[in-house]
Amino acid sequence: MHNAEELPHNTNEGRGPLRKIPSGEVRACACIKHLVQYVRGSPISWQLSRLLQEQQPERYAQLTTSTEPKDYSDGLACGPMDRMLERQSWLCPIYLKYGNRASYSPSLDRIICPLKEQFPEGAAFYTTLLHEMSHSTGHPNRLGRLKESSYGDADYAREELVAELTAALCGAMLDFATTPREENAAYLNGWLEELQKEPTYLFDILTDVNRAVRMISERLEDAAPMIEDAASAEAA
């Protein structure tokens, strides 16, 4: 669809705090931790530990506590989506990793999305993921909807509208509310202009949305609980 390698979206806008740790900071912390582990148990380990505690108590606390990302999630779960992620049964690979951007790469045919724990609302996580899944339905080997475009032009805006409406409809079917991306509000005038110039514009959009929704819903139906899952639940 785009000339750029990926279709990135900043999931921080309108969806709560997402902090991306600078790579330099990550490497520095890793080196210090390895050093501490190396000298631990040696005659000088207690001296280093005491020195660090006295001179840099905050840093010492960071090194001796868990570095797992804070869980911001409200606990909302969506069975069909969670099973699809667990089984990796979507049409292309989906990688969940700590970060502050979600994207779909047409050339690599893969989706990258921040962890669910980073979103204050579970609905925001699923909506973001559905948005990127919507983009992936347009791959040439699927619906063939994606076109070469640049950020902000008519084709880019059109694809964003398709993805937003698809995510919203899928969210409604899955019983959770979706929130449109704030950055897409800037495209509203462009969509209205296109609608005024070409009355069939909205019809064409909805046709593509319907196809994308159908493709996603069929995949989610395939992610229904297996017989052994149901049996395990009954036994519990």
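What this report covers is the structure whose coordinates are included nearby. All of these numbers come straight from a predicted model, not from anything done at the bench.

Quick word on the side chain of Ser134
- Topologically, Ser134 is positioned in helix H5 (residues 122-137).
- On the basis of relative accessible area, Ser134 is assigned to the buried category, the value being 0%.
- Those residues in contact with Ser134, other than ones at most four positions away along the chain, are Arg145, Glu159, Ala163, Thr166, Ala167 and Ile216.

As for the nonpolar core
- Within the largest apolar cluster, 32 residues are counted, with the highest numbers of intra-cluster contacts made by Met81, Leu129, Leu130 and Met133.
- For this core, the secondary-structure elements that each account for two or more residues are helix H4 (79-87), strand E3 (101-105), strand E4 (110-113), H5, helix H6 (154-173) and helix H8 (201-222).
- Sorting elements by how many residues they give to this core places H5 first, with seven residues.
- Apart from the residues within four sequence positions on either side, Met133 is in contact with Met81, Met84, Trp90, Ile94, Ile111 and Ile216.

Looking at the packing of H6 against H8
- Across the interface, H6 lies against H8 with an axial gap of 9 Å and an inter-helix angle of 50 degrees. Taken together, the axis directions place H6 and H8 in an arrangement best described as oblique. Two packed elements cross with a definite hand, and for H6 against H8 that hand is right-handed. Mapping the contact onto sequence places Arg158, Leu161, Val162, Leu165, Thr166, Leu169, Cys170 and Met173 in H6 and Tyr201, Asp204, Ile205, Leu206, Asp208, Val209, Ala212, Val213, Ile216 and Ser217 in H8.
- Split by residue class, the contact of H6 with H8 holds 13 nonpolar, two polar and three charged.

Cut-off values and rules
- Residues numbered from 1 in each chain as written.
- Predicted model: local features only at pLDDT ≥ 70, side-chain atom pairs only at ≥ 80, totals over all residues.
- Heavy atoms only, no water.
- Helix = DSSP H or I, 4+ residues; strand = E, 2+ residues; numbered from the N terminus.
- Buried < 20%, exposed > 50% of the residue type's maximum accessible area, 1.4 Å probe, protein only.
- Contact = heavy atoms within 4.5 Å.
- Core = buried A, V, L, I, M, F, W, Y, C linked by side-chain atoms within 4.5 Å.
- Axes fitted to C-alpha atoms, helices over the stretch in contact; angles between N-to-C directions.
- Parallel < 35°, antiparallel > 145°, perpendicular 65-115°, else oblique.
- Left-handed = near helix turned anticlockwise from the far one by under 90°.
- Nonpolar A, V, L, I, M, F, W, Y, C, P; charged D, E, K, R; others polar.

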